[in-house]
Amino acid sequence: MNAGTLYVVATPIGNLGDMTPRAVEVLQRVARIAAEDTRHSAGLLRHFGIHTPLFALHEHNEREVSAEVVRRLLAGEDIALISDAGTPLISDPGFPLTRLAHEAGIRVVPVPGASALIAALSAAGLPTDRFAFEGFLPPKSAARRHVLEGLAGERRTLAFYEAPHRLLETLEDMAAVFGPERLAVLARELTKTFETLRRAPLGELLEFVRADSDQQRGEAVLLVHGAPPPAADVLADEPRRIAELLAAELPVKQAAALAAKITGAKKNQIYDYLVNERQ
Ligand code: SAM
């Protein structure tokens, strides 16, 4: 008997039009579906004509249930994992199951689709070549500020999930720790009727949310621009000007090498500036 396959299937984050045809096909074909909340997912599955049996796999039972799922996979059943919305395991259950499945030699197949994190990043107008996903911050302000303080010097774009009732206090803490001038993006109710995508310095974003109680409802992703480089790493005006002139005519690597020769500044620093910081 061949072992079955575990499919990790993304579902929409609001707009049902984001369900992929492959997700529907896989969910129809598998023997059963593990869902975070079976009542919630039953509605989605009914909408797409999927009548596959559901069982619950959530943060409170996933350790016990995962072992049983792996037994069924080893016995030859194909099984799909979904969460309430978006991509499983992204601040959602499923890690123990995928780990156990791999350890048992089961094939694990992703069926990609919506995720609030990637949707927010894709439209935010912030650097996305590198980013740090921090998931949910601690609910209490002292612990939250402590985590934020540890991230204050992080150069990569920071991404957070936040519950609606904590959005305002989290923005207050972010403005206090990162400074009101740091650029940020609120991506709220993505793909839904009252979608907001607001890009502004943290101080302004805070006032925007404070002034409009509608913005304090619904689901939100917060993105924060990475920290500026430390002063010692900032390229002086003259090498910067020359590097920019050369980069307009030459490949970046060559422009950096030439600007370094002309100005005496470090080639790596100029290259880094041309690639990562030039507007
Ligand atoms: N697995 C999901 C994903 O791939 O996006 C995330 C699950 S996590 C439990 C729920 C959080 O995701 C929400 O609190 C919010 O931060 C974010 N989220 C989910 N749907 C969203 C939406 N439509 N717009 C903005 N944020 C959303």
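Everything below is about the structure printed above this text.
Cut-offs and rules
- Residues numbered from 1 in each chain as written.
- Predicted model: local features only at pLDDT ≥ 70, side-chain atom pairs only at ≥ 80, totals over all residues.
- Heavy atoms only, no water.
- Core = buried A, V, L, I, M, F, W, Y, C linked by side-chain atoms within 4.5 Å.
- Buried < 20%, exposed > 50% of the residue type's maximum accessible area, 1.4 Å probe, protein only.
- Helix = DSSP H or I, 4+ residues; strand = E, 2+ residues; numbered from the N terminus.
- Contact = heavy atoms within 4.5 Å.
- Pairing = 2+ DSSP bridges.
- Axes fitted to C-alpha atoms, helices over the stretch in contact; angles between N-to-C directions.
- Phe/Tyr/Trp six-rings, centres within 6.5 Å; stacked < 30°, edge-to-face > 60°.
- Lys NZ or Arg CZ within 6 Å of the ring centre and 35° of its normal.
- Right-handed = clockwise from strand over helix to strand, strands pointing away.
- Near = heavy atom within 4 Å.
- Areas by Shrake-Rupley, 256 points an atom, 1.4 Å probe, with all protein chains shown as cover.
- Nonpolar A, V, L, I, M, F, W, Y, C, P; charged D, E, K, R; others polar.
- 1 Å grid on protein atoms, 1.4 Å probe; cavity = no way out; pocket = protein on both sides within 12 Å on 5 of 7 lines; lining within 4 Å.
- Points joined across faces, edges and corners; volume = space filled by probe spheres on them.

(A) Representation of the nonpolar core in the model. Of all hydrophobic cores here, the largest spans 23 residues; its most connected members are Phe-160, Leu-171, Met-174, Phe-178, Leu-186, Leu-202 and Val-224. If one sorts the elements of this core by residue count, helix α7 (residues 167–178) sits on top with six residues. Sequence-distant contacts of Leu-171, defined by excluding residues within four places in its chain, comprise Leu-202, Leu-205, Leu-206, Val-209 and Leu-222. Ranked by size, the runner-up nonpolar core spans 17 residues in total, among them Val-24, Ala-80, Ile-82 and Val-109.

(B) Representation of the sheet that holds strand β8 (residues 183–188) in the model. Spatially, five strands are ordered β6-β7-β10-β8-β9 in an open sheet, and the strand pairing comes out mixed. If you trace the sheet from one side to the other, it starts and ends with β6 (131–136) and β9 (196–201), each paired once. In this sheet, neighbouring strand axes are inclined to one another by 15 degrees on average, regardless of whether the strands run parallel or antiparallel. Taken together, the six bridges between β8 and β9 define a ladder with antiparallel strand orientation. Within the sheet, the bridge partner assigned to Ala-187 lies in β9 and is Leu-197. Packing of α7 onto the sheet brings it into contact with β7 (157–162), β8 and β10 (220–224), and relative to β10 it is tilted by some 5 degrees.

(C) Fine view of the packing of aromatic side chains. Inspection of every chain in the model, using the stated rule, returns two aromatic pairs. If you follow Arg-182 out to its NZ or CZ, it ends over the ring of Phe-178, 4.7 Å from the centre. When the ring centre of Phe-208 is taken as reference, the NZ or CZ atom of Arg-198 above it lies at 4.0 Å.

(D) Broad picture of the pairing of β6. Pairing of β6 with β7, which is carried by four bridges, proceeds in the parallel orientation. From the neighbouring strand, Phe-136 faces β7, where its bridge partner is Tyr-161. Taking the sense of rotation as the criterion, the β-α-β connection linking β6, helix α6 (residues 141–151) and β7 turns out right-handed.

(E) Looking closely at the site of the ligand. By nearness alone, 19 residues border the ligand, and Ile-90, Asp-92, Ala-116, Leu-190 and Ala-220 come closest of all. Here the ligand loses 92% of its free accessible area of 570 Å² to cover by the protein chains. Secondary-structure elements contributing two or more residues to the shell around the ligand are β7 and β10. Along the lines of polarity and charge, the residues of the shell around the ligand split into 10 nonpolar, four polar and five charged.

(F) Expanded view of empty space enclosed by the protein. Across all of its chains, the model carries one cavity of 30 Å³ or more by this definition. Considering only enclosed or pocket space, the largest cavity measures out at about 50 Å³ in volume. Asp-233, Val-234, Leu-235, Arg-240, Gln-269, Asp-272, Tyr-273 and Glu-277 are the residues that line the largest cavity. Considering every element that reaches the lining of the largest cavity, the biggest residue donor is helix α11 (residues 267–277), with four residues. Classifying every residue of the lining of the largest cavity gives three nonpolar, one polar and four charged.

(G) The arrangement of the sheet that holds strand β1 (residues 5–9) in detail. As summarised here, the arrangement of the five strands in space is β3-β2-β4-β1-β5, forming an open sheet in which the pairing is parallel. One side of each edge strand has no neighbouring strand; the edge strands of this open sheet are β3 (54–56) and β5 (107–111). Ignoring which end each strand starts from, the neighbouring axes of this sheet average 25 degrees apart. The pairing of β1 with β5 spans five bridges and is parallel. When the bridges of β5 are listed, Val-8 appears paired with Pro-110. Together, β1, β4 (79–82) and β5 form the strand contacts of helix α4 (residues 95–103), whose direction differs from that of β1 by roughly 150 degrees.

So, to be careful, I would describe these as geometric facts and stop short of saying anything about function.
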